[in-house]
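# Working through the structure, step by step
Read off the chains here:
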Amino acid sequence: MLVLRFFSPIAVAIMWMGSTSAFPSGAPISACSHLLPIHEDAVPQQSPAPYWLLLSDTNYTSRRPISLTVGSQQPFLAFMLQARAKNSKRPVGRFFSAPQASQFLRCENTDDTFSHAAAFGRTEMTVIWQPPDEDVGQVSIVGSVAQNKYIFWVVESDIMEGSSAAVHTVPLTDHTHWSSLSSVLSTVYSC
């Protein structure tokens, strides 16, 4: 009984610390809609973010994955990111090739959200985003990156434009249609 009394205050302290700490094993699913840390006293910083989101391309198609690099001059511990179409809170596409100590979550679809899996300092990481099968218009990577459990920034990448071209069918039965074909081809090849 003496041993239990001796360890009880220690066990209570450990449990209390665990309940007030950040989510070191990744963002909870409950943060899927807002992508923000849900720790007490955590508010987004108003200063410019010391983190950047660098895309390998600002045009997307369903057949060409895009790499996303999250970087900083100072270490960050946690993050939660999604690709979202403009004016939408729904994730589009999916992530793959998780870097060390990161993971993918299913908020609406498989691997549509990218989060930390362990809270440790990192200054750069790269992940691959696979665009959706259909062109959903303008898309950017959005979310939050946390320096610690109280200090975080809301971040957004450059906008990516969908680059699927509409397929035009022109009957080639007379000279009028040849000029239509010529205008369609000049439009397609000038893109």
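It should be noted that the structure appears before, not after, this text.
Below, the structure is looked at part by part. (Residues numbered from 1 in each chain as written. Predicted model: local features only at pLDDT ≥ 70, side-chain atom pairs only at ≥ 80, totals over all residues. Heavy atoms only, no water.)

### Details of the packing of aromatic side chains
- For the structure shown, the criterion picks out 8 aromatic pairs.
- Ring geometry for Phe 104 versus Phe 114: centroids 5.7 Å apart, planes at 40°, classification tilted. With Phe 104 in strand β7 (residues 102–105) and Phe 114 in strand β8 (residues 113–116), the pair connects residues that are 10 residues apart, well separated along the chain.
- Connected via pairs of aromatic rings, a cluster forms that spans Tyr 51, Phe 76, Phe 79, Phe 95, Phe 104, Phe 114 and Trp 153. (Phe/Tyr/Trp six-rings, centres within 6.5 Å; stacked < 30°, edge-to-face > 60°. Helix = DSSP H or I, 4+ residues; strand = E, 2+ residues; numbered from the N terminus.)

### Quick word on the environment of Arg 64
- In this structure, Arg 64 sits in the loop between β3 (59–60) and β4 (66–76).
- Classification of Arg 64 as partly exposed rests on a relative accessible area of 35%.
- In this structure, the C-alpha to C-alpha distance between Arg 64 and Pro 131, residues 67 residues apart in sequence, is 7.5 Å.
- Those residues in contact with Arg 64 that sit more than four places away from it in its chain are Asp 57, Asn 59, Gln 130 and Pro 131.
- A distance of 3.1 Å separates the side chain of Arg 64 from the side chain of Asp 57, its partner in a polar contact. (Buried < 20%, exposed > 50% of the residue type's maximum accessible area, 1.4 Å probe, protein only. Contact = heavy atoms within 4.5 Å. Polar contact = N/O pair within 3.5 Å; in protein donor to acceptor, adjacent residues only side chain to side chain.)

### Digging into the sheet that holds strand β6 (residues 94–96)
- A sheet is described by the order of its strands in space; here 4 strands give the open sequence β2-β4-β9-β6, paired in antiparallel fashion. Of all strands in the sheet, those bounded by a partner on one side alone are β2 (51–55) and β6. Averaged over neighbouring strand pairs, the angle between their axes works out to 30° when direction is ignored.
- In the sheet, β6 pairs with strand β9 (residues 122–130) via 3 bridges, with the strands oriented antiparallel. Residue pairing in the sheet places Phe 96 in a bridge with Ile 128 of β9. (Pairing = 2+ DSSP bridges. Axes fitted to C-alpha atoms, helices over the stretch in contact; angles between N-to-C directions.)

### Examining the side chain of Ser 72
- Along the chain, the position of Ser 72 falls in strand β4.
- Residue classification places Ser 72 among the buried residues on the basis of a relative accessible area of 7%.
- In this structure the side chain of Ser 72 is engaged in a polar contact, spanning 2.5 Å, whose partner is the backbone oxygen of Gln 74.
- With near-sequence residues (within four places) excluded, Ser 72 lies in contact with Pro 50, Tyr 51, Trp 52 and Thr 123.

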